[in-house]
Amino acid sequence: MQIACNQQIINYHHIPGGPQPLVVLHGWGRSLSEWLFLGKDTSLLSTHSLFIIDLPGFGNSSTPTQPLSVYDYADIVKEFCKKLGVQNPDVLGHSFGGRL
């Protein structure tokens with residue numbers, strides 16, 4: 001699935017589950033595909049719905065036309081959550097995704 005956030009097309013995968021949203025952010029040079037295995041974890045899905053994101057410039061998200069700062073990436077994730085109605089999510093971030 002894709003959604004426009006702050007002038008970027010963001011590719012994401014939603015795996016429905018429990019009531020608490022979990023936003024998963026990959027590391028630099030990676031993509032959401034490395035995190036799809038979480039969708040097989042029935043204990044995780046009993047408590048969380050997953051939103052696994054390709055950050056701009058990675059995976060199937062659009063490539064930014066100019067360099068983005070850490071704050072720009074964070075704003076995009078914030079806009080993503082706002083547009084999809086994801087409130088008070090838990091966040092799992094690896095490497096650069098953890099920095100956000």
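Rules and cut-offs
Residues numbered from 1 in each chain as written. Predicted model: local features only at pLDDT ≥ 70, side-chain atom pairs only at ≥ 80, totals over all residues. Heavy atoms only, no water. Helix = DSSP H or I, 4+ residues; strand = E, 2+ residues; numbered from the N terminus. Buried < 20%, exposed > 50% of the residue type's maximum accessible area, 1.4 Å probe, protein only. Contact = heavy atoms within 4.5 Å. Core = buried A, V, L, I, M, F, W, Y, C linked by side-chain atoms within 4.5 Å.

Caption draft 1: Up close: the side chain of Gln8. Take Gln8: it is sitting in strand 2 (residues 8–15). On the basis of relative accessible area, Gln8 is assigned to the buried category, the value being 9%. With residues up to four places along the chain from it excluded, the contact list for Gln8 reads Ile3, Pro56, Ser62, Thr63, Pro64 and Ile76.

Caption draft 2: Local environment of the nonpolar core. In terms of nonpolar packing, the biggest core is built from 17 residues, with Ile10, Val23, Ile53, Leu55 and Phe80 touching the most fellow members. Within the residue set of this core, elements represented by two or more residues are strand 1 (2–5), strand 2, strand 3 (20–25), strand 4 (48–53) and helix 2 (70–84). Looking at this core element by element, the count peaks at five residues for helix 2. Apart from the residues within four sequence positions on either side, Val23 is in contact with Phe51, Ile53, Val77, Cys81, Val86, Pro89, Asp90, Val91 and Leu92. If you look at the next biggest cluster of nonpolar residues, it comprises 10 residues, including Ile15, Leu38, Leu44 and Leu45.

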